[in-house]
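Spelled out, the chains give:
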Amino acid sequence: MNLVLRLAWRNLWRQPRRTWLTTGAMVFSNVLLIFMISLQFGMYRLMIDNSLQAFTGHMQVQAPGYIDDQKIRQTVPNVRQLAAALRQELGSETIAARASTFVLASSEERTYGIAVYGIEPQFEPQVSSIPGLITAGRFLDADDAAEIVIGSVLARNLRVSVGDELTLLGSGKDGSFAAAVVTVAGIFESGVPDIDRSVAELPLGLFQDVFYMEGSGHQVVVNAPRLSEADTLQSEVEALLPPGQDLVVQDWDALQPGLKQAIQADMSSAFFMYGILVILVAFSVLNTQLMSVLERTREFGIVMALGLTPGRLGRLVLLETAMMGLMGVALGALLGGALTWWLGVHGFSYPGMEEMATKFNLPARMYPRVTLTSLLAGPAVVMLFSLLAALYPALRLHRLHPVEAMRAA
Amino acid sequence: MTAVRCVDLCKTYRQGDQDIKALDHLSLEIGEGGFVCLSSPSGGGKTTLLNAIGGLDKPDQGEVYIAGQRIDNLSKGELAELRLRRIGFVFQAYNLIPVLTARENVEFVMQVQGVPAADRGRKALDILAEVGLEGLEDRRPAEMSGGQQQRVAVARAIVSRPALVLADEPTANLDSKTSDGLMELFTELNEHHGTTFVIASHDQRVMGYAKRIVRMLDGRIVDDIQQDAA
Ligand SMILES: Nc1ncnc2c1ncn2[C@@H]1O[C@H](COP(=O)(O)OP(=O)(O)OP(=O)(O)O)[C@@H](O)[C@H]1O
Ligand SMILES: [Mg+2]
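Description of the structure in this document. (Residues numbered from 1 in each chain as written. Chains lettered and ligands numbered in written order. Predicted model: local features only at pLDDT ≥ 70, side-chain atom pairs only at ≥ 80, totals over all residues. Heavy atoms only, no water.)

## Quick word on the overall build of chain B
For step 1, the next point in the chain: When you go through chain B residue by residue, the secondary structure sums to 7 helices and 10 strands.
For step 2, the next point in the chain: Scaling as 2.2 N^0.38, a compact globule of 230 residues should have a C-alpha radius of gyration of about 17 Å, and chain B matches this with 17 Å.
For step 3, the next point in the chain: In terms of overall dimensions, chain B has a C-alpha envelope of 50 × 40 × 40 Å along the principal axes.
For step 4, the next point in the chain: Sequence separation of at least 24 residues holds for 68% of the intrachain contacts in chain B that already meet a minimum separation of 6.
For step 5, the next point in the chain: Accessible surface, chain B: about 9800 Å² in total, of which carbon and sulfur atoms supply 45%.
For step 6, the next point in the chain: A gap of 3 Å separates the mean positions of the 26 positive and 33 negative side-chain charges of chain B. (Helix = DSSP H or I, 4+ residues; strand = E, 2+ residues; numbered from the N terminus. Rg over C-alpha atoms; globule rule 2.2 N^0.38 Å. Contact = heavy atoms within 4.5 Å. Areas by Shrake-Rupley, 256 points an atom, 1.4 Å probe, with all protein chains shown as cover. Lys, Arg positive; Asp, Glu negative; His and termini not counted. Charge placed at Lys NZ, Arg CZ, Asp CG, Glu CD.)

Structure representation (structure tokens):
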């Protein structure tokens, strides 16, 4: 081994307990960071997946202005055929056509304004989790039956149950008056209050008849096998859109702007906490290296008298810190990676979580995901800040005067 | 050729409200191959003079020349370079790096001096043998006697054959027999390699080995004696 490396390494073990304490702080924070970041990103993925899988999908084909102004006239022509063509071209089942509008829904006793969606009973279950969340009755099965499924809160508000009739009043695509009487086939509970309160689903065929859609709809929902593949899929979908028609593909971020904001808000509060952790470690390094430099004042004075420059000694101090940091990274990544990987395989839950999870159609256990980023990002920042902290004692050596240093006890 | 020339050096320290003249218009010339002992009662200014010669401290006034080159106006970095390449230092005890072995202590300085890696190991072993430390190369300072440690320090100081060696109380922590051994080593190096030695000491024994004794008091030279080596 290089003599300078050997010197730095041995210097670390002049005070083994202190070195272990500082390294221990690094290891601890690295393990914590790896676990937290893995869990956090696992959770974001789950949040995105669940929220997009509930209803929105990874992307939707729409008329250009529809996303900002959901007018019934902003249609996707021949929506059913477009969805079928995409399914076939992409070899994917997770594509379905929808139409939607706002109506007044009345039971015998009450009236509420709701959003109704015309969906394809055969394909909707592949792009939405709502069909799997029916708590009473059943999901829609025939494409032109005069049936509806509604959210649990809406059912309660309207005081209806499975088998009861609802009257829908709205306007058709051409602006004319539209009305229908439908039977409640099922009631779903998504756990998302907004959806449970104000969403209802009809068969697309019925929707198109009632609202004079002439074969058109408002969106083709497209899901990728994984969120990470959504971008590639989006360009494929764009390439397959019928030429001459004015259609766009909106991605999940445009469809659900709140989701990214929620994640970003959570991230900034998490990173604030990580920042405090890293600063605490940096101060512990600062303290250790400052003490270690002060203890060696006389020794440093002598080697400076021999002709060593403060810069060279400063680099030695930084090298010692880097070695400590590397031990922290290595042990932290090993322990943190192993722990997180194990929890990622076996999953974990905390009291009350399983109950909530079954209710909201979420997995019952949390599975943190170790990625190269979650494994190395935290330790790299800890390393960086440790070196920054050691910069102060290293630079202080420039103030050391050999004669005075040698006089030190 | 003069190895060391000091002209009219002054250095004043303030202690409390008292000015202490550590060097008081001191001039001194030491020829190449000289073997000089600076002696004085404690506080006479030996260390201050040695530090000025070695460029460790700047005098308030006066000039210092090493081998004809003026050094008291050099920058910190230039002085470090000068000490590294042209001057060997030996201080009182405990001047080795404690975590390095004898051989590593010598090699470390060579590495800083830029001696090629291939030469360092052999040179270190040779010089340690020369100062009589065969077989102890892999001991750390704590595993050696005070005299052995001082020999390592000497080996480190002379490994790159500096023309000038400055030693400040090199025998202060040694018993008389070990002191004799160290002084004999200095004498031998002085005779064989022509290395100039300037040794600050108030040890009677050290003075016995010196070719020239410069006596100081309150920062001034009060006596300058040439004598035959004992
Ligand atoms: N850094 C300093 N601050 C204040 N006074 C100092 C300083 N260094 C030296 N002195 C004073 O200068 C004078 C000369 O000191 P110096 O160390 O040169 O003497 P010395 O001959 O080496 O003494 P000793 O034999 O004790 O080593 C002394 O009075 C000392 O107290
Ligand atoms: Mg002294």
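Once you've had a look at it, read on.
## Details of empty space enclosed by the protein
For step 1, the next point in the chain: Under the counting rule described, the total for this entry stands at 3 cavities of 30 Å³ or more.
For step 2, the next point in the chain: For the largest cavity, the calculated volume is near 100 Å³.
For step 3, the next point in the chain: What lines the largest cavity is a set of 13 residues, among which B:Leu84, B:Ile87, B:Gln113, B:Arg156 and B:Ala157 lie closest to the centre.
For step 4, the next point in the chain: Secondary structure elements with two or more residues in the lining of the largest cavity: α2 (76–86), β6 (87–90), α3 (102–113) and α5 (146–158) of chain B.
For step 5, the next point in the chain: Taken together, the residues of the lining of the largest cavity break down into 7 nonpolar, 3 polar and 3 charged.
For step 6, the next point in the chain: Roughly 50 Å³ of volume is contained in the second largest cavity.
For step 7, the next point in the chain: Lining the second largest cavity are A:Leu7, A:Asn11, A:Glu299, A:Phe300, A:Val303, A:Leu313, A:Leu316, B:Ile97 and B:Phe108. (1 Å grid on protein atoms, 1.4 Å probe; cavity = no way out; pocket = protein on both sides within 12 Å on 5 of 7 lines; lining within 4 Å. Points joined across faces, edges and corners; volume = space filled by probe spheres on them. Nonpolar A, V, L, I, M, F, W, Y, C, P; charged D, E, K, R; others polar.)

## Points about the sheet that holds strand β10 (residues 220–226) of chain B
Residue and element names in this part refer to chain B.
For step 1, the next point in the chain: Across the sheet, which stays open at both edges, the 6 strands sit in the order β6-β7-β8-β3-β9-β10 with mixed pairing between neighbours. In the strand order of this sheet, the two ends are held by β6 and β10, each with one partner. On average, adjacent strands in this sheet sit at an angle of 15° to one another, irrespective of strand direction.
For step 2, the next point in the chain: Examined bridge by bridge, strand β7 (residues 164–168) and strand β8 (residues 196–200) share 5 bridges and lie parallel to one another. Paired with Asp168 across the two strands is Ala200, which belongs to β8. (Pairing = 2+ DSSP bridges. Axes fitted to C-alpha atoms, helices over the stretch in contact; angles between N-to-C directions.)

## So, the site of ligand 1
For step 1, the next point in the chain: Close to ligand 1 lie 15 residues, the nearest being B:Ser42, B:Gly43, B:Lys46, B:Thr47 and B:Thr48.
For step 2, the next point in the chain: The environment around ligand 1 is built from residues contributed by chains A and B.
For step 3, the next point in the chain: Between ligand 1 and B:Gln15 there is a distance of 3.3 Å, counted from a nitrogen atom to a side-chain nitrogen or oxygen.
For step 4, the next point in the chain: A distance of 3.2 Å separates an oxygen atom of ligand 1 from a polar atom in the backbone of B:Gly44. (Near = heavy atom within 4 Å. Polar contact = N/O pair within 3.5 Å; in protein donor to acceptor, adjacent residues only side chain to side chain.)

## Observations concerning the layout of surface pockets
For step 1, the next point in the chain: Each pocket or cavity is described by its volume, and for the second largest pocket that value is around 910 Å³.
For step 2, the next point in the chain: Mapped by element, the contributors of at least two residues to the lining of the second largest pocket are α15 (402–407) of chain A together with β1 (2–15), β2 (18–31), α1 (46–53), β6 and β7 of chain B.
For step 3, the next point in the chain: Broken down by element, the residue count for the lining of the second largest pocket peaks at 5 residues, all from α1(B).
For step 4, the next point in the chain: Grouping the amino acids of the lining of the second largest pocket by side-chain chemistry returns 11 nonpolar, 11 polar and 9 charged.

## Looking at the pattern of salt bridges
For step 1, the next point in the chain: Applying the stated criterion across every chain yields a total of 27 salt bridges over all chains.
For step 2, the next point in the chain: Among the ionic pairs, B:Glu104 bridges to A:Arg6, the shortest N-O distance being 2.5 Å. With one member in each of two chains, B:Glu104 in helix α3 and A:Arg6 in helix α1 (residues 3–12) form a pair that bridges those chains.
For step 3, the next point in the chain: Ionic pairing is found between A:Arg87 and A:Glu120, a salt bridge with its closest N-O pair at 3.8 Å. You can see A:Arg87 sitting in helix α3 (residues 79–90) and its partner A:Glu120 sitting in the loop between β3 (111–119) and α4 (124–127), a full 33 residues away along the chain. For the pair formed by A:Arg87 and A:Glu120, the shared burial category is buried.
For step 4, the next point in the chain: It is possible to trace a salt-bridge network through shared partners that takes in A:Arg6, A:Arg10 and B:Glu104. (Salt bridge = Lys/Arg side-chain N within 4 Å of Asp/Glu carboxyl O. Buried < 20%, exposed > 50% of the residue type's maximum accessible area, 1.4 Å probe, protein only.)

## Details of the pairing of strand β9 (residues 219–222) of chain A
Residue and element names in this part refer to chain A.
For step 1, the next point in the chain: Burial along β9 is two-sided: the residues Gln219 and Val221 and Val220 and Val222 are all buried.
For step 2, the next point in the chain: Pairing between strand β1 (residues 59–62) and β9: 3 bridges, direction antiparallel. Across the sheet, residue Val61 finds its bridge partner in β9, namely Val220.
For step 3, the next point in the chain: Here 4 bridges tie strand β2 (residues 95–106) to β9, and the two strands are oriented antiparallel to one another. Counterpart to Ile95 in the pairing with β9 is Val222.

## A short note on the packing of helix α2 (residues 16–56) of chain A against helix α12 (residues 310–346) of chain A
Residues and elements named next belong to chain A.
For step 1, the next point in the chain: Close contact between α2 and α12 brings their axes to 7 Å; oriented N to C, the two are set at 35°. Considering how the two elements wind past one another, α2 and α12 form a crossing that is right-handed.
For step 2, the next point in the chain: When grouped by side-chain class, the residues that make up the contact of α2 with α12 number 14 nonpolar, 11 polar and no charged. (Left-handed = near helix turned anticlockwise from the far one by under 90°.)

## A short note on the nonpolar core
For step 1, the next point in the chain: In terms of nonpolar packing, the biggest core is built from 45 residues, with A:Val61, A:Val116, A:Ile148, A:Ile150, A:Phe211, A:Val220 and A:Val237 touching the most fellow members.
For step 2, the next point in the chain: Once residues within four sequence positions are removed from consideration, A:Ile148 is found in contact with A:Val116, A:Leu140, A:Leu166, A:Leu168, A:Val182, A:Thr183, A:Val184, A:Ala185, A:Gly186, A:Ala200, A:Glu201 and A:Leu202.
For step 3, the next point in the chain: Among the nonpolar cores identified, the runner-up in size contains 38 residues, and A:Val285, A:Leu313, A:Ala389 and B:Leu84 belong to it. (Core = buried A, V, L, I, M, F, W, Y, C linked by side-chain atoms within 4.5 Å.)

## Some details on the sheet that holds strand β4 (residues 61–66) of chain B
Residue and element names in this part refer to chain B.
For step 1, the next point in the chain: Within the open sheet, the 4 strands sit side by side as β2-β1-β4-β5. Their pairing is antiparallel. The sheet terminates laterally at β2 and β5 (69–70), the two strands that pair on one side only.
For step 2, the next point in the chain: Relative to β5, β4 runs antiparallel, the two sharing 2 bridges. Note that in β5 the partner of Ile66 across the bridge is Gln69.

## Re a nonpolar patch on the surface
For step 1, the next point in the chain: Where nonpolar side chains cluster on the molecular surface, the patch consists of A:Val381, A:Leu384, A:Phe385, A:Leu388, A:Leu391 and A:Leu395 and spans about 500 Å² of accessible area.
For step 2, the next point in the chain: Mapping A:Phe385 onto the fold places it in helix α14 (residues 372–396). (Patch = residues over 30% accessible without salt bridge, like charges linked within 9 Å, V, L, I, M, F, W, Y side chains within 5 Å.)

## Overview of unusual backbone geometry
For step 1, the next point in the chain: Notably, A:Arg159 is not glycine yet its phi reads approximately 55°, a positive angle.
For step 2, the next point in the chain: Of note, A:Arg159 is situated in the loop between α5 (152–158) and β6 (165–171).
For step 3, the next point in the chain: The residue B:Ala67 is not glycine, and still its phi comes out positive at about 50°.
For step 4, the next point in the chain: Inspection of the secondary structure puts B:Ala67 in the loop between β4 and β5.

## Side note on the interface of chain B and chain A
For step 1, the next point in the chain: On the side of chain A, 24 residues touch chain B, which itself brings 25 residues to the contact.
For step 2, the next point in the chain: Taking both sides of the interface into account, the surface hidden between chain B and chain A amounts to around 2200 Å²; carbon and sulfur atoms contribute 64%.
For step 3, the next point in the chain: On the surface where chain B and chain A come into contact, there are 5 residue pairs in polar contact (both at pLDDT 80 or more).
For step 4, the next point in the chain: If you list the elements that add at least two residues to the side of chain B that touches chain A, you get α2 and α3 of chain B.
For step 5, the next point in the chain: Considering each element in turn, the side of chain B that touches chain A owes the most residues, 6 residues, to α3(B). (Buried area = accessible area lost by both parts, 1.4 Å probe.)

These results come straight from atomic positions and should not be treated as a statement about function.
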